[in-house]
Amino acid sequence: GAWRQRLALACAIVHEPPMLFLDEPTAGVDPISRREFWNLIYELASQDVSVLATTHYMDEAEFCNIIGMMYGGRLIALSDVDTLKASMKGLLEIDCDAPDRAEALASVFPGVIDAALHGILLHLTVDDPQRKEPLVDMLAREGIHIWRAESVQPSLEDVFVSLVEAQYRAQIREAIE
């Protein structure tokens, strides 16, 4: 794993190229080696080496200047991290005593685009963050105890999933029409 990737990276940079193309350079590499790889990649980038890297690890993509997200062989987004995150509608995170039930109820609530469990927390993508209070009130009326409900900054994974689901919904609408 890590030794093969290290050798491949060493071969790629030995001649000091002005641009480096890396296809999932840390796939199958342990977390410590992954960090070492990215430290080296950041060091190269700071020395004016342009780096184009593919990765399926969204935490790695968080450190890139420009991100292109692909789905189904098509580019579905191209921007910097902050712009991609800001483009996502509201994201609410709810900590409650019955997340499965809350997910089912919230998924049909007006303005909820997506409802998904993230461990024991419920993540809701909404068309307007102002929907939080009416949503929390509805869940409370249904007997669900809410410990915390707040707007949260989406991760790149949240953004990607949201974009993919939007593509999927568009394909469904297109097929119906």
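Our structure's up above, just so we're on the same page.
As the structure is a computational prediction, the values presented were derived from the model and not from experiment. (Residues numbered from 1 in each chain as written. Predicted model: local features only at pLDDT ≥ 70, side-chain atom pairs only at ≥ 80, totals over all residues. Heavy atoms only, no water.)

1. Some details on helix α2 (residues 31–46)
With 16 residues, α2 should cover 22 Å at 1.5 Å per step; its first-to-last C-alpha distance of 22 Å lies within 8% of that length. Buried within α2 are the following residues: S33, R34, F37, W38, I41 and L44. Angularly, the buried residues of α2 cover 135° about the axis, an arc narrow enough to put them on a single face. Residues of α2 that are exposed and point over 90 degrees away from its buried face: P31, I32 and S46. Its buried side turned inward, α2 meets α1 (2–13), β1 (19–23), β2 (50–54) and α3 (58–61). At the N-terminal boundary of α2, the capping side chain belongs to D30, with an oxygen 3.1 Å from the backbone nitrogen of I32. The first or second residue beyond α2 is D48, which carries a positive phi of 70°. (Helix = DSSP H or I, 4+ residues; strand = E, 2+ residues; numbered from the N terminus. Expected span 1.5 Å × (residues − 1). Buried < 20%, exposed > 50% of the residue type's maximum accessible area, 1.4 Å probe, protein only. Arc of directions from axis to C-beta. Contact = heavy atoms within 4.5 Å. Polar contact = N/O pair within 3.5 Å; in protein donor to acceptor, adjacent residues only side chain to side chain.)

2. Some points on the pattern of salt bridges
Under the criterion given, the structure shown has 8 salt bridges. R131 serves as the salt-bridge partner of D127, at 2.8 Å between the closest nitrogen and oxygen. Overlapping salt bridges bring together R34, D59 and E60 as one network. (Salt bridge = Lys/Arg side-chain N within 4 Å of Asp/Glu carboxyl O.)

3. Let's talk about the layout of surface pockets
In this structure, the largest pocket spans a volume of roughly 740 Å³. Forming the walls of the largest pocket are 25 residues, and the residues nearest its centre are A53, C64, I66, I67 and G68. Sorting the residues of the lining of the largest pocket by element identifies α2, β2, α3 and β3 (67–71) as the ones contributing at least two each. Its residues assigned to classes, the lining of the largest pocket shows 18 nonpolar, 6 polar and 1 charged. (1 Å grid on protein atoms, 1.4 Å probe; cavity = no way out; pocket = protein on both sides within 12 Å on 5 of 7 lines; lining within 4 Å. Points joined across faces, edges and corners; volume = space filled by probe spheres on them. Nonpolar A, V, L, I, M, F, W, Y, C, P; charged D, E, K, R; others polar.)

4. Digging into the sheet that holds strand β6 (residues 112–118)
With respect to topology, 4 strands assemble into an open sheet ordered β6-β7-β5-β8, the strand pairing being antiparallel. This sheet does not close on itself; its edge strands, each paired only once, are β6 and β8 (146–151). This sheet shows a mean twist of 20° between the axes of neighbouring strands, independent of strand direction. Here 6 bridges tie strand β5 (residues 90–96) to strand β7 (residues 121–126), and the two strands are oriented antiparallel to one another. Within the sheet, the bridge partner assigned to E93 lies in β7 and is H123. Those strands touched by helix α5 (residues 99–106) are β5, β6 and β7, and its axis lies near 165° from that of β6. (Pairing = 2+ DSSP bridges. Axes fitted to C-alpha atoms, helices over the stretch in contact; angles between N-to-C directions.)

5. Observations concerning the pairing of β5
Here β5 lies mainly inside the structure; 7 of its 7 residues are buried. Going residue by residue along β5, you find G90, L92, I94 and C96 tucked away on one face and L91, E93 and D95 tucked away on the opposite face as well. With 5 bridges joining them, β5 and β8 adopt antiparallel strand pairing. Note on β8: the bridge partner recorded for D95 is R148.

6. Considerations on a nonpolar patch on the surface
Among the surface-exposed residues, I66, M70, L75 and L78 lie close enough to one another that they form a single nonpolar patch of about 440 Å² accessible area. Following the sequence through the fold, M70 ends up in strand β3. For M70, a relative accessible area of 52% translates into the label exposed. (Patch = residues over 30% accessible without salt bridge, like charges linked within 9 Å, V, L, I, M, F, W, Y side chains within 5 Å. Areas by Shrake-Rupley, 256 points an atom, 1.4 Å probe, with all protein chains shown as cover.)

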